[in-house]
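# Summary of structural features
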Amino acid sequence: MDIILFGPPGAGKGTQAKILEDKYGLKQLSTGDMLRAQIAAGTDLGLKAKSVMDAGELVSDEIVIGMIKATINTAEAQKGAIFDGFPRTEAQAIALDNMLESCDRSLAVVIEMQVADEELVERIVKRAEIEGRSDDNVEAFKNRLAAYRSYSAEVLPYYKAKNLHQLVDGARGVDDVTINLCQILDDLS
Ligand code: AMP
């Protein structure tokens with residue numbers, strides 16, 4: 001089963017993806033995590049991406065599509081993937097459809113995790129203290145939120161038109177959100 005967790009920065013996509021990975025045997029594929037790993041490893045790709053990420057803007061479709069292509073059909077992802085932070089453009093969404101189709105898979109659902117802006121800011125401030133991410137500062141966060149508003153308006157209609165979109169209230173506690181997500185996934189399988 002392949003699913004997308006879609007939502008603004010701080011919505012809890014990563015937290016929930018890790019829980020669902022264990023419960024359903026799926027593989028979390030987070031383009032943000034992959035990019036941060038490239039930065040940590042000091043690769044050319046990481047160097048290129050860092051300034052874009054620090055500004056809260058989107059890295060190129062070519063880079064993120066390439067990263068998903070390299071991981072979508074690994075042994076760990078055979079039972080399906082949880083796409084976290086991908087796709088963020090319609091071109092990425094189309095590329096994802098094609099990549100899944102070429103391994104005889106297709107998306108089961110796109111779950112939008114909705115959280116109000118004020119709550120997101122609070123969460124990001126907390127995460128900055130814990131994880132020390134260089135793009136978790138107020139200025140970059142504003143850009144990431146603005147970017148989210150614009151790319152969600154591009155990507156969500158694509159999935160709504162395919163009847164794949166479901167909305168979840170992400171403002172509740174982690175456990176309540178997990179229960180809700182599991183209901184959706186259990187209904188699908
Ligand atoms: P995230 O961890 O998903 O919040 O991503 C952190 C940053 O990585 C984003 O602000 C973007 O700069 C970049 N990024 C992650 N995923 C994508 C994507 N699918 N398309 C473009 N940029 C991305």
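Because the structure is a prediction, the values reported are computed rather than measured. (Residues numbered from 1 in each chain as written. Predicted model: local features only at pLDDT ≥ 70, side-chain atom pairs only at ≥ 80, totals over all residues. Heavy atoms only, no water.)

## Quick word on the site of the ligand
Lining the immediate environment of the ligand, one finds 16 residues, of which Thr31, Arg36, Glu57, Gly85 and Arg88 sit closest. Side-chain polar atom of Thr31 to a nitrogen atom of the ligand: 2.8 Å apart, as the coordinates give it. Considering the ligand on its own, with 470 Å² of exposed area, one finds that the protein chains cover 96% of that surface. The pocket occupied by the ligand, as judged from atoms lying within 2 Å of grid points, is the largest pocket. In terms of residue count, the dominant contributor to the shell around the ligand is helix α2 (residues 31-40) (four residues). Considered class by class, the residues forming the shell around the ligand number six nonpolar, four polar and six charged. (Near = heavy atom within 4 Å. Polar contact = N/O pair within 3.5 Å; in protein donor to acceptor, adjacent residues only side chain to side chain. Areas by Shrake-Rupley, 256 points an atom, 1.4 Å probe, with all protein chains shown as cover. 1 Å grid on protein atoms, 1.4 Å probe; cavity = no way out; pocket = protein on both sides within 12 Å on 5 of 7 lines; lining within 4 Å. Sits in = over half its atoms within 2 Å of the grid points. Helix = DSSP H or I, 4+ residues; strand = E, 2+ residues; numbered from the N terminus. Nonpolar A, V, L, I, M, F, W, Y, C, P; charged D, E, K, R; others polar.)

## Comments concerning the packing of helix α6 (residues 117-131) against helix α7 (residues 138-160)
The N-to-C vectors of α6 and α7 enclose an angle of 135°; their axes lie 11 Å apart at closest approach. With respect to their mutual orientation, α6 and α7 come out oblique. Considering the relative orientation of α6 and α7, their crossing is right-handed. Listed contacts from α7 to Asp117, Leu120, Val121, Ile124 and Arg127 of α6 are Phe141, Arg144, Leu145 and Arg149. In terms of residue class, the contact of α6 with α7 is built from five nonpolar, no polar and four charged. (Axes fitted to C-alpha atoms, helices over the stretch in contact; angles between N-to-C directions. Parallel < 35°, antiparallel > 145°, perpendicular 65-115°, else oblique. Left-handed = near helix turned anticlockwise from the far one by under 90°. Contact = heavy atoms within 4.5 Å.)

## Overview of empty space enclosed by the protein
Applying the stated rule across the entire model yields one cavity of 30 Å³ or more. If you add up the space inside the largest cavity, you get close to 50 Å³. As for the largest cavity, its lining consists of Leu5, Phe6, Gly7, Lys13, Gly85, Phe86, Pro87, Arg88, Tyr148 and Tyr151. Looking at the lining of the largest cavity, the elements with two or more residues in it are β1 (2-6) and α7. (Points joined across faces, edges and corners; volume = space filled by probe spheres on them.)

## As for the nonpolar core
Counting residues in hydrophobic clusters, the biggest one holds 32 residues, and the most contacted among them are Ile68, Phe83, Leu96, Leu107 and Tyr159. Mapped by element, the contributors of at least two residues to this core are β1, α2, α3 (44-54), α4 (61-71), β3 (81-84), α5 (90-102), β4 (107-114) and α7. By residue number, the principal contributor to this core is α7, which donates seven residues. Non-local contacts of Ile68, meaning those with residues more than four positions away in its chain, are made with Leu29, Thr31, Met34, Phe83, Phe86, Leu96 and Met99. Core analysis: the second largest hydrophobic core is formed by 22 residues, Ala17, Leu181, Ile184 and Leu185 among them. (Core = buried A, V, L, I, M, F, W, Y, C linked by side-chain atoms within 4.5 Å. Buried < 20%, exposed > 50% of the residue type's maximum accessible area, 1.4 Å probe, protein only.)

## Examining the layout of surface pockets
Using a probe with the size of a water molecule, rolled over the atoms, empty space left in the structure can be pinpointed. Empty space within the largest pocket amounts to approximately 970 Å³. Around the largest pocket, the lining comprises 43 residues; the ones closest to its centre are Pro9, Gly10, Lys13, Arg127 and Arg133. At the level of elements, α1 (13-24), β2 (27-30), α2, α6, α7 and α8 (174-188) are the ones that each hand at least two residues to the lining of the largest pocket. If one sorts the elements of the lining of the largest pocket by residue count, α6 sits on top with six residues. Tallied by class, residues from the lining of the largest pocket come to 14 nonpolar, 14 polar and 15 charged.

## Considerations on the environment of Leu164
Examined against the element boundaries, Leu164 turns out to sit in the loop between α7 and β5 (165-169). Looking at Leu164, the relative accessible area reads 16%, which means it is buried. For the pair formed by Leu164 and Ala153, sequence separation is 11 residues and the distance between their alpha carbons is 15 Å. Apart from the residues within four sequence positions on either side, Leu164 is in contact with Leu107, Ala108, Val109, Val110 and Tyr159.

## A few points about the pairing of β4
Residues in a regular strand point their side chains to alternate faces of the sheet. Of all eight residues in β4, six are buried; the element is thus mostly enclosed. Two strands pair when backbone bridges link them, and β1 and β4 are joined in this way by five bridges, in the parallel orientation. When the bridges of β4 are listed, Ile4 appears paired with Val110. In this sheet, β5 lies alongside β4 in parallel orientation, the contact comprising five bridges. Paired with Gln114 across the strands is Asp169, a residue of β5. (Pairing = 2+ DSSP bridges.)

These figures come from the coordinates and say nothing about function on their own.
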